[in-house]
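Residue-level structure breakdown
The primary structure of each chain is shown beneath.
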Amino acid sequence: MNIAVVGLGFVGLSMSSVLASKNYNVVGIDIDNQKCSDIRNGILPLFEPGLENTLRVGLKKKLTISNNFSLIKNCDMIFVTVGTPQKSNGAIELSMIKEAITSIGRIIAKSKNNPIILIKSTVTPGTMQNIILPILEKRSGKKAGRDFGLISNPEFLQESSAIKNTKFPHVIVLGGYQTRFMKKTKNFFSKLHPNIPIIITNHQTAEMVKYANNSFLATKISFINQLSNICQNIPGVNIDDIAKTIGLDPRIGDAFLNAGPGYGGSCLPKDMKALINFADKVGINPILLNAVEKTNQRQIKSIISLMEKSLGTLALKRLAVLGTAFKPNTDDVRDSIAIELIKKLLKKKARITIYDPKAMRNTMKVFGKKIIYAKSITDALNNSQCVIMMTHWKQFEVLNNNSIKHMKRKFIIDCRRILSKKELNAEYYAIGIGKKE
Ligand code: UDX
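The shown structure was predicted, so the numbers you read here are calculated from the model rather than taken from an experiment. (Residues numbered from 1 in each chain as written. Predicted model: local features only at pLDDT ≥ 70, side-chain atom pairs only at ≥ 80, totals over all residues. Heavy atoms only, no water.)

Some points on the side chain of Ser 111
Note that Ser 111 resides in the loop between helix H4 (95-110) and strand S5 (116-119). For Ser 111, a relative accessible area of 7% corresponds to the buried category. Ignoring any residue separated from it by four or fewer positions in sequence, one finds Ser 111 in contact with Lys 73 and Lys 142. (Helix = DSSP H or I, 4+ residues; strand = E, 2+ residues; numbered from the N terminus. Buried < 20%, exposed > 50% of the residue type's maximum accessible area, 1.4 Å probe, protein only. Contact = heavy atoms within 4.5 Å.)

So this is what it looks like as structure tokens:
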């Protein structure tokens, strides 16, 4: 089986590495030549636990990385994993996927193979039928369903557990027509992931599933965040005990009930906006989705209000931010709430020092010289009048009275309740924990 993966972001890179490590012949294609040459040399464009090792194994076996699209010519399956970023109106930007499938169409025009093309990129319902399929047929001069297969195959993997999720997905969704290509794809996945449910449906349902999934996760987070704000005003109440208890009700489930500063990252915020935009287009007023988004945006404002309540004006005050990655175990700062917070604090003329175990380089790309980059947690805290803990990195759990001793004012806002079980000689506010009177 020859497999191509087009687009080497964290989904494509994880997928090509995992498949190659399982002895499939894989070509990973990306238009960025420098990125390709770095990957061939084992240099990753992003930090993802386990990826470096899996890639190394893959490269030793049958993984070829290239910017040369013609290598997909002899492939039986072509996975498209290019990004669909967000436009200013919230809709998705399709130029990258159009470019990728135009190239694929041109190559399969000349090929004698009958490949199966699987679209993993997140696209709104109808994109496959109305945009991707016509481009592919036009460029290839061939017919979908007869000369090549076309399947919607949304991806649910999470950054920071991309390798684990690629090896052990919780579900496989295949959208498309019941053709021999669908049968072949189903066989491929049932061999690759025995005992994992495979849902076979049409294109538009498969496309919608991804938005349903991510918007539900966002809803859970905004729900618990709103609840945590209520809890914060009840002395002694603890949102984590509440989340743990309601999570034991099988109708609710315990995942995604960690209250915090709001959801960020490259998917949840973007997919929420795209779904809201799409709902409007099909004539539905997405009241709940809008409220979920608004709740998310309010979370930062409430953190800033908490700071202002204690510190007064933030202008010229030295504030330390611990964690800029949108979640732990990644260096990704795309749509990170910490980045948004820093932008808002800079507007208020605060002086910011940050520390993140992995995301310093990416944070530097955003802020350049506008903020200070500390070498350690204590370095970040020195002389600061407040520390805001934004990302739950394990490393931050060691913070204690000694680490805060050189703070100008010992004032801690812990958005993830990392230190809530410690006795600290400080003014301590944890999001979701009501302060005792
Ligand atoms: C998400 C989806 O989970 C995944 O299925 C999809 O394929 C891509 O988008 P990811 O972007 O990696 O994955 O992040 P995720 O783990 O979902 O976290 C998103 C944000 O929500 C982070 O900012 C995180 O801190 C926040 N979050 C998550 C919470 O605040 N509380 C929680 O309980 C869970």
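Observations regarding the sheet that holds strand S12 (residues 386-389)
Taken in spatial order, the six strands of this open sheet run S11-S10-S9-S12-S13-S14, and their pairing is parallel. Only two strands of the sheet have a single partner each, and these edge strands are strand S11 (372-373) and strand S14 (427-430). Those strands touched by helix H12 (residues 337-347) are strand S9 (318-322), strand S10 (351-355) and S12, and its axis lies near 160 degrees from that of S10. (Pairing = 2+ DSSP bridges. Axes fitted to C-alpha atoms, helices over the stretch in contact; angles between N-to-C directions.)

Considerations on the nonpolar core
Within the largest apolar cluster, 54 residues are counted, with the highest numbers of intra-cluster contacts made by Leu 322, Leu 345, Leu 381 and Ile 388. When near neighbours in sequence (up to four residues on either side) are disregarded, Leu 381 contacts Ala 320, Leu 322, Val 387, Leu 399, Ser 403, Ile 404, His 406 and Met 407. Of all hydrophobic cores here, the second largest spans 40 residues; its members include Val 6, Ile 92, Leu 275 and Leu 289. (Core = buried A, V, L, I, M, F, W, Y, C linked by side-chain atoms within 4.5 Å.)

Quick notes on unusual backbone geometry
For Leu 316, which is not a glycine, the phi torsion comes out positive at approximately 65 degrees. In the Ramachandran plot, Lys 349 falls in the positive-phi region, its phi being about 70 degrees despite a non-glycine side chain. Its relative accessible area of 58% is what places Lys 349 among the exposed residues.

Considerations on the packing of aromatic side chains
Under the defined criterion, the tally for this structure stands at six aromatic pairs. Between Phe 79 and Phe 188, the ring centres sit 6.4 Å apart and the planes meet at 45 degrees, which makes this aromatic pair tilted. Of the two residues, Phe 79 is situated in strand S4 (residues 77-80) and Phe 188 in helix H7 (residues 180-192); the sequence distance between them amounts to 109 residues. Phe 79 sits in the buried class, given a relative accessible area of 0%. Residue Phe 188 is classed as buried on the basis of its relative accessible area, which comes to 5%. Taking 5.8 Å as the distance between ring centres and 80 degrees as the angle between the ring planes, the aromatic pair formed by Phe 411 and Tyr 429 counts as edge-to-face. (Phe/Tyr/Trp six-rings, centres within 6.5 Å; stacked < 30°, edge-to-face > 60°.)

Digging into the environment of Ser 70
Looking at the element boundaries, Ser 70 is found in the loop between strand S3 (63-66) and S4. Sequence separation between Ser 70 and Ile 252 is 182 residues; the distance between their C-alpha atoms is 48 Å.

What to know about the pairing of strand S13 (residues 411-414)
Here is the key point about a regular strand: its side chains alternate between the two faces of the sheet. Of the two faces of S13, the one holding Phe 411 and Ile 413 and the one holding Ile 412 and Asp 414 are both buried throughout. Looking at chain direction, S12 and S13 are connected through three bridges and run parallel. The partner of Ile 388 across the bridge, within S13, is Ile 413. Here S13 pairs with S14 via four bridges, running parallel. Looking at S14, one finds that Ile 412 is bridged to Tyr 428.

Digging into the packing of helix H8 (residues 203-232) against helix H9 (residues 239-247)
Each pair of packed helices can be summarised by the angle the axes make with each other and by the distance between the axes. Packing of H8 against H9 brings their axes to within 10 Å, and their N-to-C directions diverge by 135 degrees. Here H8 is positioned oblique relative to H9, judged by the angle of their axes. Taken as a pair, H8 and H9 cross one another with a handedness that is right-handed. When H8 is examined against H9, the residues Phe 223, Ile 224, Leu 227, Ser 228 and Cys 231 are found in contact with a partner set consisting of Ile 239, Ile 242, Ala 243 and Ile 246. Looking at the contact of H8 with H9 residue by residue, the class counts come to eight nonpolar, one polar and no charged. (Parallel < 35°, antiparallel > 145°, perpendicular 65-115°, else oblique. Left-handed = near helix turned anticlockwise from the far one by under 90°. Nonpolar A, V, L, I, M, F, W, Y, C, P; charged D, E, K, R; others polar.)

As for the site of the ligand
Taken together, 19 residues sit near the ligand, with Phe 156, Gln 158, Glu 159, Asn 258 and Lys 327 positioned nearest. Gly 264 places a polar main-chain atom, nitrogen or oxygen, 2.9 Å from an oxygen atom of the ligand. Within the side chain of Arg 416, an N or O atom sits 3.3 Å from an oxygen atom of the ligand. Its free accessible area being 660 Å², the ligand has 94% of it covered by the protein chains. In terms of residues, the shell around the ligand owes the most to one element, H8, which gives four residues. (Near = heavy atom within 4 Å. Polar contact = N/O pair within 3.5 Å; in protein donor to acceptor, adjacent residues only side chain to side chain. Areas by Shrake-Rupley, 256 points an atom, 1.4 Å probe, with all protein chains shown as cover.)

With respect to a positive patch on the surface
Taken together, the side chains of Lys 73, Arg 106, Lys 110, Lys 112, Lys 138 and Arg 139 define a basic patch exposed on the protein surface. As for its position among the elements, Lys 110 is in helix H4. For Lys 110, a relative accessible area of 63% gives the class exposed. (Patch = residues over 30% accessible without salt bridge, like charges linked within 9 Å, V, L, I, M, F, W, Y side chains within 5 Å. Salt bridge = Lys/Arg side-chain N within 4 Å of Asp/Glu carboxyl O. Lys, Arg positive; Asp, Glu negative; His and termini not counted. Charge placed at Lys NZ, Arg CZ, Asp CG, Glu CD.)

Brief notes about the environment of Ile 224
Turning to its location among the elements, Ile 224 is positioned in helix H8. Taking the C-alpha atoms as reference, Ile 224 lies 8.1 Å from Ile 239; in sequence the two are 15 residues apart. When neighbours within four sequence positions are excluded, Ile 224 is seen to be in contact with Ile 239, Ala 243, Leu 257, Asn 258 and Ala 259.

Some thoughts on the pattern of salt bridges
Taken as a whole, this structure holds 15 salt bridges when the rule is applied. Across the pair Lys 120 and Glu 155 runs a salt bridge whose closest N-O atoms are separated by 2.9 Å. On the criterion of sequence distance, the pair formed by Lys 120 in the loop between S5 and helix H5 (127-140) and Glu 155 in the loop between strand S6 (149-152) and helix H6 (162-167) is long-range, its members being 35 residues apart. Comparing Lys 120 with Glu 155 shows no difference in burial state: the two are buried. The residue Glu 427 makes a salt bridge to Arg 409 at a minimum N-O spacing of 3.1 Å. Residue Glu 427 is located in strand S14, and its partner Arg 409 is located in the loop between S12 and S13; the two are separated by 18 residues in the primary sequence. Taking the relative accessible area as the measure of exposure, Glu 427 reaches 28% and is therefore partly exposed. According to the relative accessible area criterion, Arg 409 is partly exposed, its value standing at 27%. The network of salt bridges with shared partners includes Glu 159, Asp 332 and Arg 334.

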